[in-house]
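If you want the building blocks of each chain, they are given just below.
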Amino acid sequence: DDDVINPEKTLFIEQLEPGKEYEVIITNLTGLYRYRFGDVVRCVGYKHEAPIVEVAYRKGQFLNASGERTSEETFYKALSNTVSKKWNLSLKDYTTVEYFLEGNRKPRYVVFVELSEDADTTSMNNG
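Basis of the calculations
Residues numbered from 1 in each chain as written. Predicted model: local features only at pLDDT ≥ 70, side-chain atom pairs only at ≥ 80, totals over all residues. Heavy atoms only, no water. Phe/Tyr/Trp six-rings, centres within 6.5 Å; stacked < 30°, edge-to-face > 60°. Helix = DSSP H or I, 4+ residues; strand = E, 2+ residues; numbered from the N terminus. Buried < 20%, exposed > 50% of the residue type's maximum accessible area, 1.4 Å probe, protein only. Lys NZ or Arg CZ within 6 Å of the ring centre and 35° of its normal. Core = buried A, V, L, I, M, F, W, Y, C linked by side-chain atoms within 4.5 Å. Contact = heavy atoms within 4.5 Å. Expected span 1.5 Å × (residues − 1). Arc of directions from axis to C-beta. Salt bridge = Lys/Arg side-chain N within 4 Å of Asp/Glu carboxyl O.

Undergrad: Kindly report on the packing of aromatic side chains, identifying the contributing residues and their values.
TA: For the coordinates displayed, the defined rule picks out four aromatic pairs. Centroid distance F75 to Y94: 5.9 Å. Interplanar angle 45°. Geometry classified as tilted. Separated by 19 residues along the polypeptide, F75 in helix 1 (residues 72–86) and Y94 in strand 6 (residues 91–99) bring together distant segments of the chain. Consider the rings of Y76 and Y94, whose centres lie 6.1 Å apart with planes at 25°: the pair is stacked. Here the residue Y76 occupies a position in helix 1, and Y94 occupies one in strand 6, the gap between them amounting to 18 residues. The exposure classification of Y76 matches that of Y94, with both residues buried. These aromatic residues form a ring-pair network of at least three members: Y57, F75, Y76 and Y94. In this structure, R69 packs its charged tip against the face of F62, placed 4.0 Å from the ring centre.

Undergrad: Outline the nonpolar core, supporting the account with residue identities and numerical values.
TA: Among the nonpolar cores identified, the biggest contains 13 residues, and L79, V83, L91 and Y94 are the most heavily contacted of them. Within the residue set of this core, elements represented by two or more residues are strand 3 (50–58), helix 1 and strand 6. Of the residues forming this core, the biggest block, four residues, is contributed by helix 1. Setting aside chain neighbours within four positions, we find Y94 in contact with E72, F75, Y76, L79, F112 and V113.

Undergrad: Now, about the environment of Y76: what can you tell me, with residues and values included?
TA: Classification of Y76 by relative accessible area gives buried; the value is 9%. Linking Y76 and Y94, residues 18 residues apart in sequence, is a C-alpha distance of 8.8 Å.

Undergrad: Describe helix 1, naming the residues involved and giving the relevant values.
TA: End to end, helix 1 covers 20 Å across 15 residues, agreeing with the expected 21 Å (1.5 Å per residue, within 8%). Among the residues of helix 1, those classed as buried are F75, Y76, L79, S80 and V83. Buried residues in helix 1, looked at end-on, bunch into an arc of 120°, giving them a common side. For helix 1, exposure combined with an orientation more than 90 degrees from the buried face picks out K85 and K86.

Undergrad: Can you lay out the pattern of salt bridges for me, pointing to particular residues and giving the numbers?
TA: Overall, the coordinates contain seven salt bridges when judged by the stated rule. Between R42 and E21 there is a salt bridge, with its nearest N and O atoms 3.4 Å apart. With R42 in strand 2 (residues 35–47) and E21 in strand 1 (residues 21–26), this residue pair connects regions lying 21 residues apart in the sequence. What makes R42 buried here is its relative accessible area of 15%. Its salt-bridge partner being K77, residue E73 comes within 3.4 Å of it at the nearest N-O pair. Remark: K77 and E73 occur in helix 1; sequence separation between them is four residues, near one turn of the helix. In this structure K77 comes out as partly exposed when scored by relative accessible area, which is 30%. One network of salt bridges, in which partners are shared, links E21, R42 and E54.

Set out below in structure tokens:
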């Protein structure tokens, strides 16, 4: 499956393919050897020979307002699928905030999304 990050296959940055996601692993001269940051980046294209990457999400982060422990990766994939397939838009960025209400109301999440500049948000009301 092309969507699964394979920890056994290491690529150099110039080998990234546009549209695919990769976990950042570094080695440096000061002692870090195959250090996993937990950041997952998406290659969005190239400028000359240099890949253009954006941070997609962070592995190991969880939403946990009421004990459900939903991973950021699972949430991101659900949100991006909704934005692209149901709304026909492009997700540029997002943030999620755990929101705790006073009284007997259950906690909830507030999600703020940033859509691409060319997005027509009228399709959001049809889903």
